[in-house]
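Each chain, letter by letter, is given below.
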Amino acid sequence: VGIIAVIVGGLLLFGRPNPGNVHFATVPNKVTVTIDGKPVPGRVSPFVLAQLAPNVAHTIAVAETGYRPWTSRVELQPGQTLELPTITLERIETGFSIDSEPPGADVLVDGKKLAQTPARLTDLEPGEHQVRLEREGHTAWDSVLLVSTGTVLPLQTVNLQALNVPTTGSRGRGSASGTLPASDA
C-alpha cells in the first residue's frame, strides 16, 4: 500500500509528460487526415494534431481521391510542437492522349472544349467520357472512352475527313457555304 501511495503521489506531483502537437498544411488543401488510423475532424488545411502522447510513434496519413496517399511516422518529445513542411500530394494521372490529322482539332470532353490536338489530358475523373474532335472544314469525330484511375490511354491518331467543298467557276474557288463574292473583272 505504501508503494502505491508513493507512485500515486509522484504522478500527482510531477504529472504525466506534456503532450505534443504537429502542425502542417497540405496541397490540395481539402484532404482526409488520420492519426494512428483515426480520422482527424475537418478536411481543410492547415491541420493541427494536438495532445499527442510523447515518446510514442504516431502514424500520420493524408489522402484524397485522385492523389497518391502520403504517410509518415513521428515521435514527439514531451511538450514538442513539430512544424512539418507543406505536404503536397502527387496527382494520379487519369485520362488519354490524342492527335489528329490534320492537327489543331478542338478536343471536347463531355461537351467542354479542353484542348487542341495533339493533346494529353491527365486530370479526368475515372469513368465514361464522351470525346469529340472538331476542326473547321472537316467532319467531326466522336467516341466514348472508359478511363481508369492511374491510366492515360494512348489513342491512335484520328484522321479527320475534309468536307466536300463545292466549287464554282473555272478558277475552282469556293467556300463552305457554296457562295462566292462578285468578281470585279
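Not measured: the values here are computed from a predicted model.

Considering the packing of aromatic side chains
Then, in step 1: In total, this model carries one aromatic pair according to the counting rule given.
Then, in step 2: Between R91 and the ring centre of Y67, over which it is positioned, the NZ or CZ distance is 5.0 Å.

So, the pattern of salt bridges
Then, in step 1: One pass over the structure, following the stated rule, counts six salt bridges.
Then, in step 2: Residues E64 and R43 are paired through a salt bridge, measuring 2.9 Å at the closest nitrogen-oxygen approach. Taken together, the positions of E64 in the loop between β6 (57-63) and β7 (70-75) and R43 in the loop between β4 (38-39) and β5 (47-52) put the pair 21 residues apart, joining distant regions of the chain.
Then, in step 3: Classification of E64 by relative accessible area gives partly exposed; the value is 21%.
Then, in step 4: The exposure class assigned to R43 is partly exposed, which follows from its relative accessible area of 33%.
Then, in step 5: Across the salt bridge formed by R68 and E90, the nearest N and O atoms sit 3.6 Å from each other. Residue R68 is found in the loop between β6 and β7, and its partner E90 is found in the loop between β9 (87-88) and β10 (95-98); the two are separated by 22 residues along the sequence.
Then, in step 6: Among the charged side chains, a salt-bridge network with shared partners connects R132, E134 and D142.

Section: the side chain of S45
Then, in step 1: Assignment of secondary structure puts S45 in the loop between β4 and β5.
Then, in step 2: S45 gets classed as buried once you look at its relative accessible area, which sits at 14%.
Then, in step 3: A distance of 2.8 Å separates a polar atom in the side chain of S45 from the backbone nitrogen of T26.

Some words on the nonpolar core
Then, in step 1: Membership of the largest hydrophobic core comes to 15 residues, with the highest contact counts inside it found for V22, F24, V33, L49, I60 and V62.
Then, in step 2: With three residues, the top contributor of residues to this core is β5.
Then, in step 3: Among the nonpolar cores identified, the runner-up in size contains 14 residues, and L124, L133, L145 and L160 belong to it.

Comments concerning the sheet that holds strand β14 (residues 119-121)
Then, in step 1: Spatially, the three strands line up as an open sheet ordered β14-β10-β17, and their pairing is mixed. Each having just a single partner strand, β14 and β17 (152-154) make up the two edges of the open sheet. Along the sheet, successive strands turn relative to each other by an average axial angle of 15°, direction set aside.
Then, in step 2: Examined bridge by bridge, β10 and β17 share three bridges and lie parallel to one another. Residue pairing for β17: S97 is matched across the bridge by P154.

Re the side chain of T122
Then, in step 1: With respect to the secondary-structure elements, T122 resides in the loop between β14 and β15 (127-134).
Then, in step 2: Looking at T122, the relative accessible area reads 19%, which means it is buried.
Then, in step 3: Look past the residues within four positions of T122 in its chain and what remains in contact with it is I92, E93, T94 and V152.

Quick word on unusual backbone geometry
Then, in step 1: Here the amide bond leading from E101 into P102 is cis, since omega sits at 0°, within 30 degrees of zero.
Then, in step 2: Within the secondary structure, P102 is located in the loop between β11 (100-101) and β12 (106-109).
Then, in step 3: In this model, T117 is joined to P118 through a cis peptide bond whose omega is 0°.
Then, in step 4: Of note, P118 is situated in the loop between β13 (112-116) and β14.
Then, in step 5: Its identity as a non-glycine residue notwithstanding, D110 has a phi of 55°, on the positive side.
Then, in step 6: Structurally, the position occupied by D110 is in the loop between β12 and β13.

Analysis parameters
- All residue numbers here refer to positions counted from 1 along the written sequence of the relevant chain.
- With pLDDT at 70 or above as the cut-off, local features in this predicted model cover only qualifying residues; side-chain atom pairs require 80 or more to be listed or tallied, and sums for whole chains, interfaces and linings still use all residues.
- The basis for every side-chain value is the complete set of heavy atoms in the structure, and neither hydrogens nor water enter the calculation.
- Between rings of Phe, Tyr and Trp, where Trp is taken as its six-membered ring, a pair exists when centres lie within 6.5 Å; planes separated by under 30 degrees are stacked, by over 60 edge-to-face, and by other angles tilted.
- In this analysis the charged atom, NZ for Lys or CZ for Arg, is taken to sit over a ring once it is within 6 Å of the ring centre and within 35 degrees of the ring normal.
- One side-chain nitrogen of Lys or Arg within 4 Å of one carboxyl oxygen of Asp or Glu is enough to make a salt bridge.
- Working definition: helices are DSSP H or I runs of at least four residues, strands are E runs of at least two. Numbering for both runs from the N terminus.
- Working definition: with a 1.4 Å probe on protein chains only, accessible area under 20% of the residue-type maximum means buried, over 50% means exposed, and in between means partly exposed.
- Polar contacts here mean pairs of N or O atoms no more than 3.5 Å apart (in protein, one a potential hydrogen donor and the other a potential acceptor; neighbouring residues in sequence count only if both atoms are side-chain atoms).
- The definition of a nonpolar core used throughout is a set of buried Ala, Val, Leu, Ile, Met, Phe, Trp, Tyr and Cys residues joined through side-chain atoms within 4.5 Å.
- Two strands make a pair as long as DSSP finds a minimum of two bridges between them.
- All axes are obtained by fitting lines to C-alpha atoms, using only the stretch in contact for helices, and the reported angles, taken between N-to-C directions, cover 0 to 180 degrees.
- In this analysis, two residues are considered to be in contact whenever any of their non-hydrogen atoms come within 4.5 Å of each other.

Note that every value here comes from positions in space, so none of it alone points to a role or purpose.
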